[in-house]
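Topology and contacts: notes
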Amino acid sequence: MRAGLASLLLALAGPVLGADGGAPRQSGRDTMSPALRALQADDGQHPAALALALGRELWASGARSCASCHGAPETSMRGVAARYPAFDQGLLDLPLRIQRCRTRHQQQPAWAPEAEPLLALTALVAQQSRGLPLAPPGGPELDAAAARGQRLYSTRMGGLNLACLHCHDQRAGLKLGGSLIPQGQVDDYPVFRLEWQAVGSLQRRLRGCASGVRATVWDWNSEELLALEVFLARRSAGLVMQPPGVRP
């Protein structure tokens, strides 16, 4: 048995905590080491600083720039990221909203998922919601998506036959391969993961989790990923945002 799988099965053999992980809801940043918490809190040392600088450059560039419609991001984008995912002629997370603006209003081709410019603008817009509670919207379409996302979150999948809740609800706070299992809250996305050495979206993290349990990886912007995003945003509602985050 490979060491990674052995560590996972050993962790899952431990005691099962309550549905809330045995503790109040807690942002992932609050369970990190003091050094990583300090890194996220220090804009001068934040590893996403280059992405934010690129986002500001893109915001102001071009004849049909973001700034030409929205002005300064500090004012026009305040609180915007706290209200996603949303429904507007379909489910949209924040990167998809930026893509729609780019294709419809700037009349430019869409970027590939996880393209550096898309992540840079996403990080810049998300940064303007720092200090605000995550407050995803409601509505019948979003309610239906949240219900589907909750079912996906609770459904065993892949070769390891695990659901999201087995780690992030029942065993949050325990160790897996020496690392703390977080509750899986989404208040700081997009995040700079030291594992990636780059800024990445919530969809990238969810696809990585699916791969980790040896399940079929959902397509980018699929109904499954968007439904999970809606559910996870509601699960994290009320947590104070500090994007872009830093994670191990």
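**A short note on the packing of helix α6 (residues 94-105) against helix α7 (residues 116-127)**
It is the contact of α6 with α7, at a shortest axis distance of 10 Å, that shows an interaxial angle of 115°. Here α6 is positioned roughly perpendicular relative to α7, judged by the angle of their axes. The two elements α6 and α7 cross, and the hand of that crossing is right-handed. Contacts from Leu-94, Pro-95, Ile-98 and Gln-99 in α6 reach Leu-118, Leu-121, Thr-122, Val-125 and Ala-126 in α7. In terms of residue class, the contact of α6 with α7 is built from seven nonpolar, two polar and no charged.

**Observations regarding the environment of Glu-229**
If you trace the backbone, Glu-229 turns up in helix α11 (residues 223-235). Judged by its relative accessible area of 7%, Glu-229 falls in the buried class. Distance from Glu-229 to Leu-92, taken between C-alpha atoms, is 9.7 Å for residues 137 residues apart in sequence. Among residues more than four places away in sequence, those in contact with Glu-229 are Pro-85, Asp-93, Leu-202, Gln-203 and Leu-206.

**Observations concerning the pattern of salt bridges**
Counted under the stated rule, the structure contains 12 salt bridges. In this structure, Asp-88 and Arg-100 form a salt bridge, with 3.7 Å as the shortest nitrogen-oxygen distance. Of this pair, Asp-88 sits in the loop between β1 (86-87) and β2 (91-92) while Arg-100 sits in helix α6, and the two are 12 residues apart along the sequence. By relative accessible area, Asp-88 is classed as partly exposed at 28%. In this structure Arg-100 comes out as buried when scored by relative accessible area, which is 14%. A salt bridge links Asp-143 to Arg-234; the nearest nitrogen and oxygen atoms lie 2.8 Å apart. With Asp-143 in helix α8 (residues 140-154) and Arg-234 in helix α11, this pair connects stretches of sequence that are 91 residues apart. What emerges from the salt-bridge pattern is a single network uniting Arg-29, Asp-187, Asp-188 and Arg-247.

Cut-off values and rules
- Residues numbered from 1 in each chain as written.
- Predicted model: local features only at pLDDT ≥ 70, side-chain atom pairs only at ≥ 80, totals over all residues.
- Heavy atoms only, no water.
- Axes fitted to C-alpha atoms, helices over the stretch in contact; angles between N-to-C directions.
- Helix = DSSP H or I, 4+ residues; strand = E, 2+ residues; numbered from the N terminus.
- Parallel < 35°, antiparallel > 145°, perpendicular 65-115°, else oblique.
- Left-handed = near helix turned anticlockwise from the far one by under 90°.
- Contact = heavy atoms within 4.5 Å.
- Nonpolar A, V, L, I, M, F, W, Y, C, P; charged D, E, K, R; others polar.
- Buried < 20%, exposed > 50% of the residue type's maximum accessible area, 1.4 Å probe, protein only.
- Salt bridge = Lys/Arg side-chain N within 4 Å of Asp/Glu carboxyl O.

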